[in-house]
Amino acid sequence: MTMNEAPAIAPAPLALTMGDPAGIGPEIIVKLATDPARPHAPFFVIGDTGRLQRAADMLGVHPRIQAIDTPAQVPATVPPATVFVLQTGDRLPEDLAWGRIDARAGAACHAYIQRGIDLALAGEVAGLVTAPIHKEALRAAGCPHPGHTEMLAERSGTRDFAMMLANDELRVLLVSIHVPLQQAIAAVTPDNELRAIRLAHRACRAFGIARPRVAVAGLNPHAGENGLFGDEDRSVIIPAIAAARAEGIDANGPWPGDTVFMRARRGEFDVVVAQYHDQGLIPVKYLGVEQGVNITVGLPFVRTSVDHGTAFDIAGSGRADHASLACALRQAAAMVQAGRSGACGQAQRPDFIFMLTQQDKTIADARERLREVLAQGVRHVGFKDIGLPLPQLRELARDIRAGGARVYLEVVSLDEASEVASARAAVELGVDVLMGGTRPEAVLPVLRGSGIAYYPFPGRISGHPSVLSGPAEDIVASARRIAGLEGVHGLDLLAYRFRGDVPALIKAVCDAVDKPVVVAGSIDRSERIAAVLASGAAGFTIGTAAFEETFPAARPGLAAQLQAIQALVD
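Residues numbered from 1 in each chain as written. Predicted model: local features only at pLDDT ≥ 70, side-chain atom pairs only at ≥ 80, totals over all residues. Heavy atoms only, no water.

A.B. asks: In this structure, what is going on with the overall build of the protein? I would like to understand it.
C.D. replies: Of the regular secondary structure elements, the protein holds 20 helices and 24 strands. The C-alpha atoms of the protein give 24 Å as radius of gyration, which agrees with the globular expectation for 570 residues (25 Å, within 12%). Based on the C-alpha atoms only, the size of the protein along its principal axes is roughly 70 × 60 × 40 Å. A burial count over the protein gives 55% of its 570 residues as buried. In the protein, 71% of the contacts between residues at least 6 apart in sequence involve partners at least 24 apart. Per element, the accessible surface of the protein, about 22900 Å² overall, is 51% carbon and sulfur. Counting 54 positive and 62 negative side-chain charges, the protein places the centres of these two groups 2 Å from one another. (Helix = DSSP H or I, 4+ residues; strand = E, 2+ residues; numbered from the N terminus. Rg over C-alpha atoms; globule rule 2.2 N^0.38 Å. Buried < 20%, exposed > 50% of the residue type's maximum accessible area, 1.4 Å probe, protein only. Contact = heavy atoms within 4.5 Å. Areas by Shrake-Rupley, 256 points an atom, 1.4 Å probe, with all protein chains shown as cover. Lys, Arg positive; Asp, Glu negative; His and termini not counted. Charge placed at Lys NZ, Arg CZ, Asp CG, Glu CD.)

A.B. asks: Is there a simple way to think about the sheet that holds strand S18 (residues 433-436) in this case?
C.D. replies: What links the strands of a sheet is backbone hydrogen bonding, and the strands pair in either a parallel or an antiparallel sense. Strand order across the open sheet formed by 8 strands is S19-S18-S17-S16-S13-S24-S23-S22, with parallel pairing between neighbours. With one partner strand each, in any of the chains shown, strand S19 (453-455) and strand S22 (491-493) form the two edges of the open sheet. Taking each pair of neighbouring strands and ignoring which way they run, the sheet shows an average axis angle of 25°. Here S22 runs beside strand S23 (residues 517-519); their pairing, made up of 3 bridges, is parallel. (Pairing = 2+ DSSP bridges. Axes fitted to C-alpha atoms, helices over the stretch in contact; angles between N-to-C directions.)

A.B. asks: Please explain the packing of aromatic side chains as it appears in this structure.
C.D. replies: Tallied over the entire structure, the rule returns 4 aromatic pairs. Centroid distance phenylalanine 354 to phenylalanine 547: 5.4 Å. Interplanar angle 55°. Geometry classified as tilted. Pair noted here: phenylalanine 354 is in strand S13 (residues 351-355) and phenylalanine 547 is in helix H19 (residues 544-547), with a separation of 193 residues, a long-range link. Under the relative-accessibility criterion, phenylalanine 354 is labelled buried at 0%. Among the aromatic side chains, those forming a connected cluster through ring pairs are Phe352, Phe354, Phe540 and Phe547. (Phe/Tyr/Trp six-rings, centres within 6.5 Å; stacked < 30°, edge-to-face > 60°.)

Here you go:
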């Protein structure tokens, strides 16, 4: 498929701004592009082709660096080791040194950001992922903004915005950002506090947390100790928390800054509102800069960034780590998907997830049939944790990923030990999504830090092939409880293994939770696909039915079945 032949249903790509050309931005972008385990989201770079090629030469790698004229030329699946580049501004001079403040570099990275904002506001890109910039280089180029956040907010006309830093263990939103400490203290006002609490609540809802728990850090030692160490906590922060609670937000505090982050890390809170830059960023970065993501909350588009700077001290040496950039790209893609899916009850085009399975087992010739599946443009492919030994599943996962598809593993194990073992296998295989299983409390610790999206089963599951049993109200209650767990990204609902009113069950579960629901189990005719479409579920799985050719098709064979299913969805 050529770039101009990308299907109409292809999502808008993410735009990745190159950052300061003298820093590590070009290097980490090239490393990301050549990493086989990179996130499977279409993206392109707003930057300079020559600088990226120079970074590739320095690293001794050979990606395909291809210039494009518009984001629409980016295919839905970016080929491995390929960098699509929207050349912006004049080509950078060859004498631009690595690791040095240069006004030319500052002007270039400013231009990249401005082009990205224009594309985002026009809806030509799904969101922005930004590589690091250097504030002194921006100043040397005459840019008055102290950082990305302020620049993005001004250009988009956003007044209520905030910086959030997040990793797998902690989310922190800042009341003030890049201002001197004296000004940060002055920024502790009732309006600013309430604004930050609202934004923190909204951000957590966007992440799929139905009832966010917002903790507010105190400004003074011991949160002021009832006025003994300062009066701001008592006179400003407490009234703002009360106002937020009156709006229905689960906010509490102020809590002492020396313990609130530890408590959030233990799971007591979903997000912490920190009073100033260093109070909030030190605990997040201490847990690992390479896993942190900077998110701008309140913009009319998605924006994430790396949690580190330009690293001039190592720029041009080949030692920069691209892990934070990969996390930022993955987070942006997840936020775009969450925004596209919305609540389950909203109309959407669900993801068709094809399972290389029959009767709840991975088929013996899965790798051979995969080629046929990928040839039909299927970009969500899964398999079960039984049917093939782990080494063959590892090869299958690798082949799916190499084909540009998202990798799903569905658990059918019925005991805790096997379920935990399957979660460990998911981590080893490096799948994108782990589906199924009924013991999230045992599985979540295994998945922590892996980047794997987790969709467990709600309800009571038994037998093989699996059956969903119990009253519908019990299944809905189970869905609500499981969806509320931190680290659960969605639900895998075995709807058509339920003996009852299945469309009503799907709708009830979707209405009960604010996270994506994938419908699975015996979707074997067009009426059932229609019911899934009507429910607004985020996706559905089909395996056995396609292999047994239950759908009306123009001709025999798996390829025709896949075409028939995709036609029903379209």
